[in-house]
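# Structural features, examined
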Amino acid sequence: MESYWVEHVLGSTVTGVTLPTIEEISKLCDRAKRILEDESSVVSIQTPVTVVGDLHGQLYDLLELFRIGGLCPESRYLFLGDYVDRGHHSVETILLLLCLKVKHPSLVTLIRGNHETR
C-alpha cells in the first residue's frame, strides 16, 4: 500500500486523491508504530538533510517541498512535528508521511510536536 499510495498522492491533485481503506490505514499505522517504537528518542541524522517545520495539514506545501527538494531515496528529511491541525488535508498529510517513513525509515525522521502527544 505504501508505494502505491505515495505515488498516487504525489502524482495527483488533492481533489483526486482517494484515501486508502480503513484496513490499509490500520496496517500502515501498525507498521509505522513498530518502526517508531524501535527508534531511539535521540537519533543521529546524516547530512545533508532537509529540515521541515510545522506542516499543519498543508498537503500542497508538502508536495511542493518534495517537488523542490526531491523525494527519498535521493533526499533525506527531518520533520519537526505538528503534522496535522488547521489545514484541510491533515489525514492525507500524516498518511503520506507515515508511508514515506515505512518505505524509507532511515531517510525520514519524524519527531513529535505538540499535536502528536500520547
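These remarks concern the structure in this document. All residue numbers refer to position in the chain's written sequence, counted from 1. For a predicted model such as this one, the threshold for reporting local features is a pLDDT of at least 70, and the threshold for listing and counting side-chain atom pairs is 80 or more; totals across whole chains, interfaces and linings nevertheless cover every residue. Excluded from the side-chain calculation are hydrogens and water; included are all heavy atoms of the structure.

Another point: the pattern of salt bridges. Here a salt bridge means any side-chain nitrogen of Lys or Arg lying within 4 Å of a carboxyl oxygen belonging to Asp or Glu. Under the counting rule described, the total for this entry stands at four salt bridges. With a shortest N-O distance of 2.3 Å, glutamate 39 and lysine 101 are connected by a salt bridge. Placement of glutamate 39 in the loop between helix H2 (22-38) and strand S1 (50-52) and of lysine 101 in helix H4 (residues 90-103) is noted, with a sequence separation of 62 residues between them. A salt bridge links glutamate 64 to arginine 67; the shortest N-O distance between them is 2.8 Å. Residue glutamate 64 and its partner arginine 67 are both found in helix H3 (residues 59-69); the two are separated by three residues, about one turn of the helix. With a 1.4 Å probe rolled over the protein chains alone, any residue whose accessible area is under 20% of its type maximum counts as buried; one over 50% counts as exposed, and the rest are partly exposed. Take glutamate 64: its relative accessible area is 34%, and that puts it in the partly exposed class. What counts as a helix is a DSSP run of H or I of at least four residues, what counts as a strand is a run of E of at least two, and both are numbered from the N terminus.

So, on to the packing of H2 against H4. Helix axes are fitted only over the stretch in contact, all axes being lines through C-alpha atoms; the angle between N-to-C directions runs from 0 to 180 degrees. At their nearest, the axes of H2 and H4 sit 9 Å apart, and the two run at 55° to each other. Taken together, H2 and H4 sit at an angle that is classed as oblique. Between H2 and H4 lies a crossing of left-handed hand. For the pair H2 and H4, the contacting residues are Ile25, Leu28, Cys29, Arg31, Ala32, Ile35 and Leu36 in the first and Leu95, Leu98, Cys99, Lys101 and Val102 in the second. Throughout this entry, Asp, Glu, Lys and Arg are counted as charged residues, while Ala, Val, Leu, Ile, Met, Phe, Trp, Tyr, Cys and Pro are counted as nonpolar. The remaining residues, Gly among them, count as polar. Looking at the contact of H2 with H4 residue by residue, the class counts come to 10 nonpolar, no polar and two charged. Oblique is the label for any angle not under 35 degrees, not over 145, and not in the 65 to 115 range, which are roughly parallel, roughly antiparallel and roughly perpendicular in turn. Helix crossings are classified by the rotation of the near helix relative to the far one: an anticlockwise turn of less than a right angle makes the crossing left-handed, while a clockwise turn makes it right-handed. Throughout, a residue-residue contact means that at least one pair of heavy atoms, one from each residue, lies within 4.5 Å.

The next point concerns H4. Between its first and last C-alpha, H4 extends 20 Å over 14 residues, near the 20 Å set by a 1.5 Å rise per residue. In terms of residue burial, H4 counts as a mostly covered element, since 11 of its 14 residues are buried. Turning to H4, its buried residues are Ser90, Glu92, Thr93, Leu95, Leu96, Leu97, Leu98, Cys99, Leu100, Lys101 and Val102. In this analysis, the expected span of each helix is defined as 1.5 Å times one less than the number of residues it contains.

This part is about unusual backbone geometry. Residue proline 48 is reached from threonine 47 by a cis peptide bond, and omega for that bond is 0°. With respect to the helices and strands, proline 48 occurs in the loop between H2 and S1. Omega for the bond connecting cysteine 72 with proline 73 falls within 30 degrees of zero, at 10°, which places this linkage in the cis form. By the element assignment, proline 73 lies in the loop between H3 and strand S2 (77-79). Even without being glycine, histidine 56 reaches a positive phi, approximately 50°. With a phi close to 95°, aspartate 85 is a non-glycine residue in the positive phi region. Here aspartate 85 lies in the loop between S2 and H4. Judged by its relative accessible area of 33%, aspartate 85 falls in the partly exposed class.

Before going further, it helps to examine the sheet that holds S1. Spatially, the three strands line up as an open sheet ordered S1-S2-S3, and their pairing is parallel. The outermost strands of the open sheet, each flanked by one partner alone, are S1 and strand S3 (108-110). Looking at each pair of strands side by side, their axes are set apart by 15° on average, direction ignored. Where S1 and S2 come together, three bridges link them in parallel fashion. Bridging across to S2, threonine 50 finds its partner in tyrosine 77. The criterion for strand pairing is that DSSP finds at least two bridges linking the strands in question.

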